[in-house]
Structures are given as C-alpha cells and as structure tokens.
Amino acid sequence: MILQNGSSPIGPDKHPKHHFFNADNKQGKQTENTKMKISKQTIGQITPRVALEIPKPASFDLPERIIQFGTGVLLRGLPDYFVDKANKQGLFNGRIVMVKSTDQGDIKVFEGQDGIYTLCVRGMEGEQKVEQFLLVNAVSRVLSAREDWGEVIKCAFNEDLQIVISNTTEVGIQLSDDDITSIPPASFPGKLLAFLYARYLAFDGDQTKGMVIIPTELLTDNGDKLKGILLELAKFNQLSESFVGWLNTANTFCNSLVDRIVPGSLPERERTALENALGYEDDLLISAESYRLWAIETPDQKVNEILSFSPADKGVVLADDITKHRELKLRLLNGTHTFSCALAYLSGFDTVGQAMDDQGTSGFIQRLMMDEIAPAIASDTLSLEEARSFAAKILDRFRNPYIIHRWLSIATQYSSKMKMRNIPILLAHYQKSTQPPEAMSAGLAAYILFMCSTKETDGTYKGTYGEKGYTIKDDSAGILFDWWGKFPDNPVSAILSDTRLWDTDLTLLPGLVGAVEAKMQEWMKRYRMASS
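Residues numbered from 1 in each chain as written. Predicted model: local features only at pLDDT ≥ 70, side-chain atom pairs only at ≥ 80, totals over all residues. Heavy atoms only, no water.

Peer 1: Can you break down the sheet that holds strand E15 (residues 293-297) residue by residue, with the values?
Peer 2: Each strand in a sheet pairs with another by means of backbone hydrogen bonds, the pair being arranged parallel or else antiparallel. Within the open sheet, the three strands sit side by side as E12-E15-E16. Their pairing is mixed. The open sheet terminates on both sides in strands that have one partner only, identified here as strand E12 (256-259) and strand E16 (316-319). Sheet twist, expressed as the mean angle between neighbouring strand axes with direction ignored, is 10 degrees. Summarising the sheet, E12 and E15 pair through four bridges and their orientation is antiparallel. Bridge assignment links Val258 to a residue of E15, and that residue is Trp294. (Pairing = 2+ DSSP bridges. Helix = DSSP H or I, 4+ residues; strand = E, 2+ residues; numbered from the N terminus. Axes fitted to C-alpha atoms, helices over the stretch in contact; angles between N-to-C directions.)

Next up, the structure:
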C-alpha cells in the first residue's frame, strides 16, 4: 500500500537567529587572520565581543578528582558543564581526566586546546530566548585507552580521585568474556574493572579508597546493571574474594538519568559567525539546549558530600529514588514525541520546531501532555501539578528554535517506542477512566497510517508522503505490512489486537478501537490510499 498526501509540505524553516549568528552582519566580516586557536596559552589574549564566561588561571591547577570514560558531546555538555560551573563557584575544586574508550577519532584536538572548549547554550525559558557562551575548563587531560592504558592505570593510584563517570552508549554496558589483563581490555566494564582492581591493589584494599561510580548511559537502573556486570566479570577473571568484597562494599554505584539535547557542533555558517564574535577558533565548540537534568540516586550523605558539585546548578538532583524523574522524562518527553511524530510528519512538518509553529499541531501536543498524559501518570508519589509543571518545560524545549529535531528520527523503531513508552500510559489512563483518550487515539491512528508501506526488493519498507518517500526503520514493519495487506481499508482492530506488538490485546480497552477508527476515517478524508 502507498500513503499519499494531496497537501503541500510546509515551507523551509525560518527561525530567527541571534545577530552574532548572522554571517552577513558587519561583525561577521572579521578575517580569519585575526583569530587564534583557544588554549591555555591564548586564553588570556582573547577579546570577545559577546558575554563569555572565562575560567580563572587557578582553575588549571585544580587536582584530578574524576575519571571519565567517554569524550562525547553529552558528557561535555552536561556532567562536565556542571563540574566546571561548580569550580567557578569554588564548590567542587576538581578536574576531570577523560578516557577515550573507542578507536574512532583521536585526542589530538583535545591536546591542542588543553581540553578547553566553548559551550554555546541556546533555548527557550517561557517566552524568553536564552543564550549563553562559556569556556569550559573542567578537563585536565584526555587519555586514549589504546595508546595510554598505562597512564589510565596510574590514575588508580591518585588519592584525590573519587568519582567515575561514563557514557559509552547503552551497548557499552554489557557482559562479555573480557580479559582484564589485556592492554586495554576490550569492553568498558572490562576497563573499569581493571582500573578498580589496580586501585584495590594500590591501596591494599582500603575501604575508604572506593569510588562513587555514576554511569549516564540511557538504561534504567544503569548503576545496578553495571555493578552486576562487574561482579560477574570479576568471577570470570578469577579475582580474589577479598577484591570482590571490596568491589561490592567500598564502591558506590549510583543509578542516574541525564536529560539534555546536545547537538554538538554548530552549522558551519553559524559557527564561523560565532568564532568571529568570540575572537578565537575552537575545534571542540559544541551547542546545547538550556534545559538540563542530571538526576543521581544517592544512598547516603557521604556520597552527597563527595558529589559537592551538585549545589552549583538546579539541574543536578540528588535523591534517594529517581524513579519519578525517569517517569516524567519517559512519558512526557519521549512519550509525547512518540504519540505525535506520525501525526506531525503526515501533516507536513519535518521537525518538532516546525510543528510547534503551527497552532493546530502545537495545540494537539499541549492537550496530549496536559490533559491526557499528565493525569494518567499522576500518582501518590507524582502529583498532577508536578507532571504539568514538567510538561510546561517540555513545551519550551519543543519550541526551541535552535534545535533541529526531525520527526523521522523520532520514528526510528516506532513500534517498540510506542510499546515501551506509550502503552503503559494508555493502560494507566484506563485505570482512571472508561472513556478512550482522544489525543492518544489520534496518535495511534496516525502511527498506523504512517506504517502503511510497500516492501522493496532489498527487504526494506517504504512509506510515501506526497512526492516524498520515507524509509520505515522499524523491526516490526513487516507485521504492519502484513495487516495492511489483509485489511487494506481498516486494519485497526487487527493491529491493536496483535500481542506480538504490545504484549497485550488493546482491543479489550473500552471504546479504543472505535476511537482510533474514527480518527482513521478523519485522516482518510485528508489522505487517499491507493494500491502500489
């Protein structure tokens, strides 16, 4: 089947830009020869024409207190930002030694800039645009795991070191048959276990020399999972019971949740204009939205004291239980994206920002969040007021004109996202009401239409929107392709009842099939279905 739209897609995005990002303005005419590369040596020579937070010279002499596995933009735009902010306030007074765990890329750019980089923060807070530029100097040095493994192990002997941070993607936290005597071990858990074993030996099993370990990979209970893997890996490597005891009791593994969009480098034109305004070149310059959250599950006051950077910014949350924060993000941010992406894309919008500029679509998204999702997830531990307050912040983030977030990217693995993020919301709604939720039903109807496809000779599935075709990147695309083939006029009941997709029969929910079918009929008046 082919889905076609008779309406014209929306025109190009025309978001307003800060004047320093206008490459045609007079200040943007500065020549390349007047700029220098940012580094420890040149930081005192720069004369920026924008407000810029510049680190003090004493910050270069702070001791290394954190070892960080990963050099990616999320780490640099969130945890490292918090540490730098705390240092500038005199709260933490420590720096980060980064470990590049993968073989991709090199560390020369970090070495050339002494680990210094510019963070460009841009976003919306209420009706106000927020722009901030700062030089982050939290990173003392960057080590390559492959080239500098000996130096990584030497860090285990540093008494000042107390914290481990990681972001090696979700794939990085997996158990494997890793030999920790390899130089270096292959996996992140293997590298971390080798580091901790070296620390155990260096300090003769001193209980006070354990580490606070905070993985930021996007996994539920990531700290617990990492600890379990290290204990299994220690047995595989036949490490002593004494070490296993030290690993288990002297070290604290904290579950954490990170939330900030950090796109990375600016588009070339904007970057050139900003560098002209800053007065220096920065190959590590990154951008981030203004919203930030790092929720860390901490068991006691001692750990809170070690994480002394936390008071520097309201975005760092230390709590006994971070379930509430995870639920808010998963349901109101990710869940809204998933319920909305097909409806917005089929309405002609390529990006979230474009959809939020349209009164009808933005109104739908607001009703979905405020009137349906927030009441559904409210509980004894999460008030409706808290949920709606968080939703208001999410709406600000969706309106951010500086973030280009594409609906087709959100639609990757659409079916599994709908199952994991949104079916629990739908079921929670029905625990409180016997009436089908209007906005959620519309989201499900749009999802089913979006998943109408043709199967290509190479096995991929293609949907069609107007004159544009899109690839459906979804492991369950074949299931929906088959149901559309069997019921080309109305596959709603078949799809909602398929337990392969949802692990439950959604047709048993009162009125849901009728509500989704009604939305389908509404959409079918706007879109025509034709055989390929």
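Peer 1: With reference to specific residues and values, describe the side chain of Asn251.
Peer 2: Note on placement: Asn251 falls in the loop between helix H7 (241-249) and strand E11 (252-253). For Asn251, a relative accessible area of 4% translates into the label buried. From its side chain, Asn251 meets the backbone oxygen of Trp246 in a polar contact 3.3 Å long. Here the side chain of Asn251 touches Leu247 through a polar contact of 3.5 Å, landing on its backbone oxygen. Beyond its immediate sequence surroundings of up to four residues, Asn251 is in contact with Leu196, Gly210, Met211, Ile213 and Trp246. (Buried < 20%, exposed > 50% of the residue type's maximum accessible area, 1.4 Å probe, protein only. Polar contact = N/O pair within 3.5 Å; in protein donor to acceptor, adjacent residues only side chain to side chain. Contact = heavy atoms within 4.5 Å.)

Peer 1: I'd love a proper account of the environment of Met418, names of residues and values included.
Peer 2: Topologically, Met418 is positioned in helix H15 (residues 414-432). Distance from Met418 to Ile67, taken between C-alpha atoms, is 37 Å for residues 351 residues apart in sequence. With residues near it in sequence (within four places) discarded, Met418 still touches Thr338, Phe339, Ile423, Gly443, Leu444, Tyr447 and Trp502.

Peer 1: Go over the sheet that holds strand E3 (residues 52-53), please, and point to the residues and values.
Peer 2: Spatial strand order, E3-E7-E6-E14: four strands in an open sheet with mixed pairing. At either margin of the open sheet sits one strand with a lone partner, and together these are E3 and strand E14 (286-288). Alignment of strand E6 (residues 117-125) against E14, held across three bridges, turns out to be parallel. Paired with Val121 across the bridge in E14 is Ala288. Packed onto the sheet, helix H2 (residues 79-88) meets E3, E6 and strand E7 (128-136) and runs at close to 75 degrees relative to E7.

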